[in-house]
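What follows is each chain in one-letter form.
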Amino acid sequence: MHYPVIDPAIFSVFGLPVRWYALTYIVGFAIVLLLGRLRAERDGYSKDDISDLVFYGAMGAVLGGRIGYVFFYNFDVFLADPLYLFQTWKGGMSFHGGLLGVLIAVGLFARNKGRSAIAVADFLAPLCPIGLGLGRLGNFINMELPGRITDASWGFIYQCWAVKDLNPMCLGEWETVARHPSPLYQAFTDGMLLFVIVWLVSRRPRNPGFVAGVFLASYGALRFATEFFRAPDAHIGFIAFDWLSMGQMLSLPMLLLGLGAIYYAQTSARKAA
């Protein structure tokens, strides 16, 4: 089937387009706010605390996501033109960079509020996955992140402009082969499935660091798996072994760090007991 062609702009205000991709971020942050307020009283947060936490997290996610994309995926472009870092209208956000930004934001929030950074991370972890899934839906609308070629009946045929770097021989309007709709795979796994896992884990009291560890390990594992269906960035290709992508390489430390946090949370509780 052909990839649905959706105008990335919903409407314009005074000539400035309001884009679906931006809307997914706004709705994602709103969901974090609503879920945070739902659990605020249980975890000893005020409504103002939740608003501050969302603000810190949003700044960390946006700034870290942009910086991470430039440094992880287009560092050579940055070296040639440092102003590329600020050219956000050309697109480009990295989850792993956004995660680093959020971790820094969590540390700043925790210090200003006199809280444990690990406890704040545990509180925030189950609130975020739905927003991650919405971001992938934004990628789908923009016809971004093409998947690998497939014979599956649910594969999508992309327009040539979307795969020009992956398939320079695509010269017409549509490519002649189908590809995995990898943004939809990651919208489901990194979004809904991850939300269910972390939300259920966080429903009862856990040792400090356990919930954040489950988030990191689960995302790392799910992202590593779904990257096998997503075409690697054409200008980067595979990092190693003719199959390891940049997304997988960046997800491995997350997986290991998450498993380490889970192990630490469990062993420290046993020692305390």
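What counts, and where the lines are drawn
- Residues numbered from 1 in each chain as written.
- Predicted model: local features only at pLDDT ≥ 70, side-chain atom pairs only at ≥ 80, totals over all residues.
- Heavy atoms only, no water.
- Axes fitted to C-alpha atoms, helices over the stretch in contact; angles between N-to-C directions.
- Helix = DSSP H or I, 4+ residues; strand = E, 2+ residues; numbered from the N terminus.
- Left-handed = near helix turned anticlockwise from the far one by under 90°.
- Contact = heavy atoms within 4.5 Å.
- Nonpolar A, V, L, I, M, F, W, Y, C, P; charged D, E, K, R; others polar.
- Pairing = 2+ DSSP bridges.
- Parallel < 35°, antiparallel > 145°, perpendicular 65-115°, else oblique.
- Buried < 20%, exposed > 50% of the residue type's maximum accessible area, 1.4 Å probe, protein only.
- Polar contact = N/O pair within 3.5 Å; in protein donor to acceptor, adjacent residues only side chain to side chain.
- Salt bridge = Lys/Arg side-chain N within 4 Å of Asp/Glu carboxyl O.
- Phe/Tyr/Trp six-rings, centres within 6.5 Å; stacked < 30°, edge-to-face > 60°.
- Lys NZ or Arg CZ within 6 Å of the ring centre and 35° of its normal.
- pLDDT = per-residue confidence, 0-100.
- 1 Å grid on protein atoms, 1.4 Å probe; cavity = no way out; pocket = protein on both sides within 12 Å on 5 of 7 lines; lining within 4 Å.
- Points joined across faces, edges and corners; volume = space filled by probe spheres on them.

1. Section: the packing of helix α2 (residues 47-73) against helix α4 (residues 95-113)
Two quantities define a packed helix pair, namely the angle between the axes and the distance from one axis to the other.
Okay, so step 1: At their nearest, the axes of α2 and α4 sit 6 Å apart, and the two run at 145 degrees to each other. The interaxial crossing formed by α2 with α4 has right-handed handedness. Contacts between α2 and α4 pair D49, D52, L53, Y56, G57, G60, A61, G64, G65, G68 and F72 from the former with H96, G97, G98, L100, G101, V102, A105, L108, F109, N112 and K113 from the latter.
Okay, so step 2: Of the residues in the contact of α2 with α4, the class split is nine nonpolar, ten polar and three charged.

2. Describing the pairing of strand β1 (residues 9-13)
Okay, so step 1: Summarising the sheet, β1 and strand β2 (residues 16-19) pair through four bridges and their orientation is antiparallel. Bridge pairing in β2 links A9 to R19.
Okay, so step 2: Hairpin remark: β1 followed by β2, antiparallel, with two residues in the connecting loop; positive phi at F14, about 55 degrees.

3. Re the side chain of S218
Okay, so step 1: Mapped onto the elements of the fold, S218 is located in helix α8 (residues 210-226).
Okay, so step 2: If we skip the residues at most four places from it in the chain, S218 touches L194 and I197.

4. Remarks on the packing of helix α1 (residues 20-40) against helix α6 (residues 129-141)
Okay, so step 1: The geometry of α1 relative to α6 is characterised by a closest axis approach of 8 Å and an angle of 170 degrees between their N-to-C directions. Regarding the angle of α1 to α6, the classification is roughly antiparallel. Residues W20, Y21, T24, V27, G28 and I31 of α1 form the contact with α6, whose own contacting residues are I130, G131, L134, G135, G138, N139 and I141.
Okay, so step 2: For the contact of α1 with α6, the class distribution of residues is seven nonpolar, six polar and no charged.

5. As for helix α5 (residues 117-124)
Okay, so step 1: Taken together, the buried positions of α5 are occupied by V120, A121, D122, F123 and L124.
Okay, so step 2: The secondary structure elements touched by the buried residues of α5 are α1, α2, α4 and α8.
Okay, so step 3: One side-chain oxygen of the residue at the start of α5 lies 3.3 Å from the amide nitrogen of I118, identifying that residue as S116.

6. Some remarks on the pattern of salt bridges
Okay, so step 1: Tallying each qualifying case throughout the model produces eight salt bridges.
Okay, so step 2: The partner of R179 in a salt bridge is E175, with the nearest N and O atoms 2.9 Å apart.
Okay, so step 3: By relative accessible area, which is 3% here, E175 ends up buried.
Okay, so step 4: Linking R230 and E227 is a salt bridge whose minimum nitrogen-to-oxygen distance equals 3.2 Å.
Okay, so step 5: Salt bridges linked by common partners bring D49, D52, K113 and R115 together as one network.

7. Structural notes on the packing of aromatic side chains
Okay, so step 1: Overall, the coordinates contain 20 aromatic pairs when judged by the stated rule.
Okay, so step 2: Relative to Y73, the ring of Y69 lies with its centre 5.9 Å away and its plane at 25 degrees, an arrangement referred to as stacked. A residue pair is termed a helical-turn pair when its members lie 3 or 4 positions apart in one helix, as Y69 and Y73 do in helix α2 at four residues.
Okay, so step 3: Three or more aromatic residues joined by ring pairs form one cluster here, namely Y3, F140, F156 and Y158.
Okay, so step 4: The lysine or arginine in question, R39, covers the ring of W199, its NZ or CZ lying 3.6 Å from the ring centre.
Okay, so step 5: Across from the ring centre of Y45, 3.8 Å away, lies the NZ or CZ of R115, which sits over that ring.

8. A closer look at the confidence of the model for the protein
Okay, so step 1: Taken as a whole, the protein shows an average pLDDT of 92; of its residues, 97% reach a score of 70 or greater.
Okay, so step 2: Mean pLDDT values over the elements of the protein span from 86, in β2, up to 98, in strand β4 (residues 178-179).

9. Some words on the layout of surface pockets
Okay, so step 1: Taken as a whole, the second largest pocket spans an internal volume of roughly 310 Å³.
Okay, so step 2: Along the wall of the second largest pocket there are 17 residues; nearest its centre are R42, D43, D122, F123 and R206.
Okay, so step 3: Its residues assigned to classes, the lining of the second largest pocket comprises seven nonpolar, two polar and eight charged.

10. Considering empty space enclosed by the protein
Okay, so step 1: The tally for this structure, following the rule as stated, stands at one cavity of 30 Å³ or more.
Okay, so step 2: Within this model, the largest cavity holds a volume of roughly 50 Å³.
Okay, so step 3: If you trace the largest cavity, you find it lined by Y73, E227, R230, A231, P232, D233, G237, S245, M246 and G247.
Okay, so step 4: Looking at the lining of the largest cavity residue by residue, the class counts come to four nonpolar, three polar and three charged.

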